[in-house]
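Summary of structural features
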Amino acid sequence: MKLSGKRVAILATNGFEQSELEVPLAKLKEAGAKVDVVSPEKGEIKGWDKKDWGRPVKVDRSLGDASVDDYDAIVLPGGQINPDLLRINAKALEFIRAFFEQKKVVAAVCHAPWLLIETGIIKGRKATSYHSIKTDVINAGGKWEDSPVVVDQGVVTSRHPGDLDAFSAKIIEEIGEGRHTQRTAAA
């Protein structure tokens, strides 16, 4: 399979948008990747499914026990609650930033570009997001585009659950390409 031997971390906490975790998780596994749900919480985290609480998802690895060295990429699901909680968690931000610094794939959908803003990754990069945080992305120095998926040197972003097939396919392609050695730090 295309991603055989590759490992991916999906970083989430309670309030992640259900489909934005579950669809990439399934697609990455179908492509042969080993995928871990990493969270500051232990046991299970509960999703948000459109207008109410969704299904719980098993946490495979606690954030405190996770090492960037074990993974080839990180996926950041959105929803409003999940990235808002994670962007005030110093360990989560360090974890995300380390993927970027090691030139590994960093993927964020919907409201998760808030995490790219908080870590400084978005500055000077082409990106997209849920339309309600477009101004946040622009104010943080991002070059916002209204496209289903936008890639800038291994940083993959998408707008909403309707883009998940394109988002997942692009993540798989980027992981297959390997580290983005030409990536530069935020301008």
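In short, a report on the structure. The shown structure was predicted, so the numbers you read here are calculated from the model rather than taken from an experiment.

On to unusual backbone geometry, then. Located in the positive-phi region is lysine 103, a residue other than glycine, with phi close to 65°. Among the secondary structure elements, lysine 103 is positioned in the loop between α3 (90–101) and β7 (105–109). If you check the backbone angles, cysteine 110 has positive phi at about 70° while not being a glycine.

Attention now goes to the environment of aspartate 65. Counting through the fold element by element, aspartate 65 comes out in the loop between β5 (61–62) and β6 (73–76). Sequence spacing of aspartate 65 and valine 38 is 27 residues, and the spatial spacing of their C-alpha atoms is 9.0 Å.

Tallied over the full model, the rule gives 14 salt bridges. One salt bridge in this structure joins lysine 27 and aspartate 165, with 3.4 Å as the shortest N-O distance. Taken together, the positions of lysine 27 in helix α1 (residues 18–30) and aspartate 165 in helix α6 (residues 164–177) put the pair 138 residues apart, joining distant regions of the chain. Taking the relative accessible area as the measure of exposure, lysine 27 reaches 31% and is therefore partly exposed. Note that aspartate 152 is salt-bridged to arginine 125, the shortest N-O span being 3.5 Å.

Tracing the sequence through the fold places threonine 13 in the loop between β1 (7–11) and α1. A residue is classified by how much of its surface remains accessible, and threonine 13, at 5% relative accessible area, is buried. Every residue in contact with threonine 13, bar those within four places of it in the chain, is listed here: Ser39, Pro40, Glu41, Ile45, Lys46, Asn82, Leu85 and Leu86.

Thresholds, definitions, all that
Residues numbered from 1 in each chain as written. Predicted model: local features only at pLDDT ≥ 70, side-chain atom pairs only at ≥ 80, totals over all residues. Heavy atoms only, no water. Helix = DSSP H or I, 4+ residues; strand = E, 2+ residues; numbered from the N terminus. Salt bridge = Lys/Arg side-chain N within 4 Å of Asp/Glu carboxyl O. Buried < 20%, exposed > 50% of the residue type's maximum accessible area, 1.4 Å probe, protein only. Contact = heavy atoms within 4.5 Å.

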